[in-house]
Amino acid sequence: MPADVVVAGHICLDIIPGFLRKSELTPGALLQMGPAVVSTGGVVSNTGLALHRLGLRTRLMGKVGGDLFGRAVLDFLRQQDPGLAAGMIVDPSATTSYSVVISPPQTDRTFLHHSGANDTFAAADIPADLLDGARLFHFGYPTLMRSLYADGGAGMEAIFRLAKGRGLTTSLDMSLPDPESDAGRVDWPAWLQRVLPWVDVFLPSLDETRLMLRREAAPAELAGQLHAWGAGIVGLKLGAQGMFCRWAGRDYHAPCFAVDVVGTTGSGDSTIAGFLAGLLYGLPPEEVLTMAVAVGACCCEAPDATSGIRSWEQTRARVAAGWKRRTG
């Protein structure tokens with residue numbers, strides 16, 4: 001059965017230790033912890049499973065190794081829906097990517113990350129026939145995939161050319177690279193100028209954009225630069241401040257909804273899922289942004305990236321019932 005949306009790119013296993021209280025990580029100390037949450041992470045899992053929960057037919061495309069972590073990733077996807085692992089690649093010679101997510105209460109996350117099989121993912125790993133019938137192609141985290149950041153954008157351009165040639169709307173998400181890593185030293189302005197003419201919807205965070213453009217500018221100025229380089233709709237995730245978007249020459253801002261935050265893992269990816277779902281369901285810009293931050297807020301009510309996501313109908317009903325926005 002054709003998918004509505006194809007989500008490709010980075011996938012990993014997330015290991016999230018269960019903090020019992022707000023804690024400082026002190027060398028040599030032992031902290032008493034609760035049970036760990038183990039789930040899949042990365043855009044393929046986080047955005048893909050959120051879109052699946054929002055009622056869209058979703059196909060996932062990522063790469064894992066033939067190891068214990070890889071089997072765990074595939075088993076987790078199959079538990080959500082038996083067909084979700086069908087587009088995944090298993091490379092017996094690779095190790096599976098993983099992240100240890102350090103996320104104490106009321107504290108932003110820190111990630112300990114191994115890229116693994118993601119580093120060899122390339123345009124050849126996307127079968128063109130599996131795009132047929134879909135309406136939208138979303139790719140995420142080339143900043144954590146060596147073959148796609150180290151070539152000046154040639155591979156990413158080829159992937160989006162393929163999707164555009166098959167008639168799909170294209171969407172791109174980034175992640176924040178370690179500034180001291182090879183990815184952090186990439187000439188990202190040149191990379192973006194090559195790739196963005198093939199991107200209909202560009203959805204990085206404000207911090208990611210400032211790092212890549214090497215400019216501490218306001219969201220509107222950064223969005224203007226990205227649009228000038230070829231991106232269509234530009235949405236910038238602002239963390240606790242919500243989301244900014246430049247769409248058809250107009251600027252929009254959606255504040256976050258108020259929730260009791262359990263964890264922020266996957267909140268940006270879920271926000272993107274809400275945005276893309278709003279596009280596919282045909283909502284106007286203001287409502288697309290509202291649903292984006294609504295889905296992101298639901299994500300924050302659980303410690304992992306997906307279990308807090310509600311159905312599309314439940315999320316819209318929660319908004320319609322007068323769900324309060326954050327202030328300040």
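Refer to the preceding data block for the structure.
Residues numbered from 1 in each chain as written. Predicted model: local features only at pLDDT ≥ 70, side-chain atom pairs only at ≥ 80, totals over all residues. Heavy atoms only, no water.

Some details on the overall build of the chain
In step 1: When helices and strands are counted, the chain shows ten helices and 14 strands.
In step 2: Whereas a compact globule of 328 residues would reach a radius of gyration of roughly 20 Å, the chain reaches 19 Å, a difference of no more than 12%.
In step 3: Along the three orthogonal principal directions, the C-alpha set of the chain runs to about 55 × 50 × 40 Å.
In step 4: Across the 328 residues of the chain, 54% fall into the buried class.
In step 5: Of the contacts made within the chain by residues no fewer than 6 positions apart, 72% connect residues no fewer than 24 positions apart.
In step 6: Carbon and sulfur atoms make up 54% of the accessible area of the chain, which totals about 13500 Å². (Helix = DSSP H or I, 4+ residues; strand = E, 2+ residues; numbered from the N terminus. Rg over C-alpha atoms; globule rule 2.2 N^0.38 Å. Buried < 20%, exposed > 50% of the residue type's maximum accessible area, 1.4 Å probe, protein only. Contact = heavy atoms within 4.5 Å. Areas by Shrake-Rupley, 256 points an atom, 1.4 Å probe, with all protein chains shown as cover.)

Considering the state of the cysteines
In step 1: All chains considered together, the criterion is met by zero disulfides.
In step 2: No disulfide involves Cys256; its sulfur sits 7.6 Å from that of Cys300, the nearest cysteine.
In step 3: Residue class for Cys256 comes out buried when judged on its relative accessible area of 13%.
In step 4: Of the cysteine sulfurs around Cys299, a residue in no disulfide, the closest is that of Cys300, at 5.4 Å. (Disulfide = S-S within 2.5 Å.)

Structural notes on the nonpolar core
Among soluble globular proteins, nonpolar side chains are generally buried collectively.
In step 1: With 51 residues, the main nonpolar core has Leu51, Leu77 and Phe275 as its most contacted residues.
In step 2: Within the residue set of this core, elements represented by two or more residues are β1 (5-9), α1 (43-53), α2 (68-80), β13 (243-247), β14 (250-254), α8 (267-280) and α9 (285-299).
In step 3: With ten residues, the single largest contributor to this core is α9.
In step 4: In this structure, Leu148, Met156, Leu172 and Leu236 belong to the second largest nonpolar core, which totals 41 residues. (Core = buried A, V, L, I, M, F, W, Y, C linked by side-chain atoms within 4.5 Å.)

Remarks on the environment of Leu25
In step 1: Turning to its location among the elements, Leu25 is positioned in the loop between β2 (12-19) and β3 (33-41).
In step 2: Classification of Leu25 as exposed rests on a relative accessible area of 54%.
In step 3: Those residues in contact with Leu25, other than ones at most four positions away along the chain, are Phe19, Leu31 and Ile102.

Considerations on the side chain of Thr290
In step 1: Position of Thr290 relative to the elements: it lies in helix α9.
In step 2: With residues up to four places along the chain from it excluded, the contact list for Thr290 reads Ala254, Phe257, Val319 and Arg325.

A word on the pattern of salt bridges
In step 1: What the rule picks out here adds up to 16 salt bridges.
In step 2: Asp4 is paired through a salt bridge with Arg57; the nearest N and O atoms lie 2.9 Å apart. You can see Asp4 sitting in the segment before β1 and its partner Arg57 sitting in the loop between α1 and β4 (58-61), a full 53 residues away along the chain.
In step 3: When its relative accessible area of 10% is taken as the criterion, Asp4 is described as buried.
In step 4: Of the charged contacts in the structure, one is a salt bridge between Asp173 and Lys237, with a shortest N-O distance of 3.0 Å. Here Asp173 is found in strand β10 (residues 169-173), whereas its partner Lys237 is found in strand β12 (residues 233-237), with 64 residues between them in sequence. Lys237 matches Asp173 in its accessibility class, with the two residues each being buried.
In step 5: Linked by salt bridges that have partners in common, Arg146, Asp182 and Arg185 make up one network. (Salt bridge = Lys/Arg side-chain N within 4 Å of Asp/Glu carboxyl O.)

Observations regarding the sheet that holds strand β11 (residues 201-202)
In step 1: Taking strand neighbours across the sheet as the criterion, the eight strands line up as β4-β1-β9-β10-β11-β12-β13-β14 in an open arrangement whose pairing is mixed. Sheet topology places β4 and β14 at the edges, where each strand pairs with a single neighbour.
In step 2: Of the pairings in the sheet, the one linking strand β9 (residues 136-140) to β10 comprises five bridges and is parallel in character. Bridge pairing links His138 to Ser171 in β10.
In step 3: Against the sheet, helix α7 (residues 219-228) makes contact with β11, β12, β13 and β14, and its axis sits at roughly 140 degrees relative to β12, the strand it touches most. (Pairing = 2+ DSSP bridges. Axes fitted to C-alpha atoms, helices over the stretch in contact; angles between N-to-C directions.)

Regarding α9
In step 1: Taking 1.5 Å of rise per residue, the 15 residues of α9 would be expected to cover 21 Å, and the 21 Å separating its terminal C-alpha atoms lies within 8% of that figure.
In step 2: Summarising burial for α9: 13 of the 15 residues are buried, a large majority. (Expected span 1.5 Å × (residues − 1).)

Observations regarding the pairing of β14
The two faces of a sheet get side chains in turn, since along a regular strand they alternate between them.
In step 1: Two elements, β13 and β14, share five bridges in a ladder whose sense is antiparallel. Bridged to Trp247 within β14 is Arg250.
In step 2: Counting the residues between successive antiparallel strands, the hairpin from β13 to β14 contains two residues, one of them, Ala248, with a positive phi of roughly 50 degrees.

Details of the packing of α9 against helix α10 (residues 312-320)
In step 1: Taken N-terminus to C-terminus, the directions of α9 and α10 make an angle of 105 degrees; their axes are 10 Å apart at the nearest point. Between α9 and α10, the crossing angle belongs to the class labelled roughly perpendicular. In this structure, α9 contributes Glu287, Thr290, Met291, Ala294, Val295 and Cys298 to the contact, and α10 contributes Trp312, Thr315, Arg316, Arg318 and Val319.
In step 2: For the contact of α9 with α10, the residue count by class is six nonpolar, two polar and three charged. (Parallel < 35°, antiparallel > 145°, perpendicular 65-115°, else oblique. Nonpolar A, V, L, I, M, F, W, Y, C, P; charged D, E, K, R; others polar.)

Let's talk about the pairing of β4
In step 1: Neither face of β4 is left uncovered, since the one carrying Thr58 and Leu60 and the one carrying Arg59 and Met61 both have all their residues buried.
In step 2: Inspection of the sheet shows β1 paired to β4 by four bridges, in the parallel sense. Paired with Val7 across the strands is Leu60, a residue of β4.

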